[in-house]
Amino acid sequence: MYILPAIDLYNGSAVRLSKGDYNLMKVYSDNPPAFAEEFQKSGAEYLHVVDLEGAKDGTNANFDTVKAIIDKTDMKVEIGGGIRNNAVIRKYIDAGVARVILGTAAVRDPLFLRRAVENYGEKIAVGVDIRDGLLAIKGWLETTEIKCFEFCRHLEKMGVKTIICTDISKDGMLGGTNIELYKELNETFDINIIASGGVSSLEDIKRLADMNMYGAILGKALYEGTLDLKEAVLAAGGKGK
């Protein structure tokens, strides 16, 4: 299983939210590329990056910071937040991003998603953010009436290879992740599933790895020092899968 340390960007800084609340934002570093270097030294191959300003308003305010992270490390960077047209997808891929994550646009514009998958294949992933079983969009500020499993079935039929599934109620709370949800998703769909939200202990990681999950994202647990990245990578099976 891959371990993906996370860097959430706001105004060029690495920050974390609690339950997706922009009013509960804590700044951890004003030098995200240096942060990323430390993650690479600890054995992580992938890096999960979110442009929080983009997720909220559809801009790409942190593009230069993302590019600096790519230039500074050898990590495979996946990026989400505010990616709502083909020009932005192309811009990120040309900058060296390994995987572009579509969120709001994937929900609101199925034709755009279909064309993106046709054009870029495995470089397109979809963020499936869940609040009480329903999809949340626009930086988690809006909850839809779309059910998680119905949407994942739609993504599977469309040919999406990777989804990043976040249980918003668990995110940033250091209280453990939603093992039951990820187990059911992994058993139901033939898609690479990355677990996100509340992964905060080696036990969480071992249980997810034992379920043959594709990946797990680590955020606040790394920032607060409750989880060591080197130990997490080893618990997931070492480098790679």
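Right, let's walk through the structure included here.

1. Concerning helix 7 (residues 148–158)
Residues of helix 7 that are buried: Cys148, Phe151, Cys152, Leu155 and Met158. For helix 7, the buried positions fall inside an angular range of 120 degrees around the axis, keeping them on one side. Where helix 7 terminates, the next one or two residues include Gly159, which has phi positive at roughly 100 degrees.

2. What about the side chain of Glu53?
Its location among the elements puts Glu53 in helix 2 (residues 52–57). Aside from chain neighbours lying at most four places away, what touches Glu53 is Leu9, Tyr10, Asn11, Gly58, Thr59, Ala61 and Asn62.

3. Looking at the environment of Arg108
Within the fold, Arg108 resides in helix 5 (residues 104–108). Along the sequence, Arg108 and Ala125 sit 17 residues apart, while their C-alpha atoms lie 15 Å from each other. Every residue in contact with Arg108, bar those within four places of it in the chain, is listed here: Ile137, Glu142 and Thr144. At a separation of 2.7 Å, a polar atom in the side chain of Arg108 contacts the side chain of Glu142.

4. Concerning unusual backbone geometry
Trans peptide bonds make up most of the peptide bonds, and negative phi angles are found at most residues other than glycine. The residue Asn11 is not glycine, and still its phi comes out positive at about 55 degrees. Its place among the elements puts Asn11 in the loop between strand 1 (2–10) and strand 2 (13–18). Overall, Asn11 belongs to the exposed group, its relative accessible area being 62%.

5. Quick notes on the packing of aromatic side chains
All chains considered together, the criterion is met by 9 aromatic pairs. Measuring from ring centre to ring centre gives 5.0 Å for Tyr2 and Tyr46, while their planes differ by 70 degrees; the resulting arrangement is edge-to-face. On the criterion of sequence distance, the pair formed by Tyr2 in strand 1 and Tyr46 in strand 4 (residues 46–51) is long-range, its members being 44 residues apart. Seen from their ring centres, Phe149 and Phe189 are 5.9 Å apart, and the 35 degrees between their planes marks the pair as tilted. Taken together, the residues span a long stretch of sequence, with Phe149 in helix 7 and Phe189 in the loop between helix 8 (179–188) and strand 11 (192–196) at a distance of 40 residues. The exposure class assigned to Phe149 is partly exposed, which follows from its relative accessible area of 22%. Classification of Phe189 as buried rests on a relative accessible area of 6%. Within the aromatic cluster, the residues linked to one another by ring pairs are Tyr28, Phe35, Phe39 and Tyr223. When the ring centre of Tyr223 is taken as reference, the NZ or CZ atom of Arg16 above it lies at 5.8 Å. For Lys76, the ring lying beneath its charged end belongs to Tyr46, and the centroid distance is 5.4 Å.

6. So, the pairing of strand 7 (residues 124–131)
Burial analysis of strand 7 places 7 of its 8 residues in the buried class, which makes it a mostly covered element. Relative to strand 7, strand 6 (residues 99–102) is paired through 3 bridges, and the arrangement is parallel. Bridge pairing in strand 7 links Val100 to Ile124. Sheet topology note: the strand 7/strand 10 (residues 162–167) ladder contains 6 bridges and is parallel.

Cut-offs used in this document
Residues numbered from 1 in each chain as written. Predicted model: local features only at pLDDT ≥ 70, side-chain atom pairs only at ≥ 80, totals over all residues. Heavy atoms only, no water. Buried < 20%, exposed > 50% of the residue type's maximum accessible area, 1.4 Å probe, protein only. Helix = DSSP H or I, 4+ residues; strand = E, 2+ residues; numbered from the N terminus. Arc of directions from axis to C-beta. Contact = heavy atoms within 4.5 Å. Polar contact = N/O pair within 3.5 Å; in protein donor to acceptor, adjacent residues only side chain to side chain. Phe/Tyr/Trp six-rings, centres within 6.5 Å; stacked < 30°, edge-to-face > 60°. Lys NZ or Arg CZ within 6 Å of the ring centre and 35° of its normal. Pairing = 2+ DSSP bridges.

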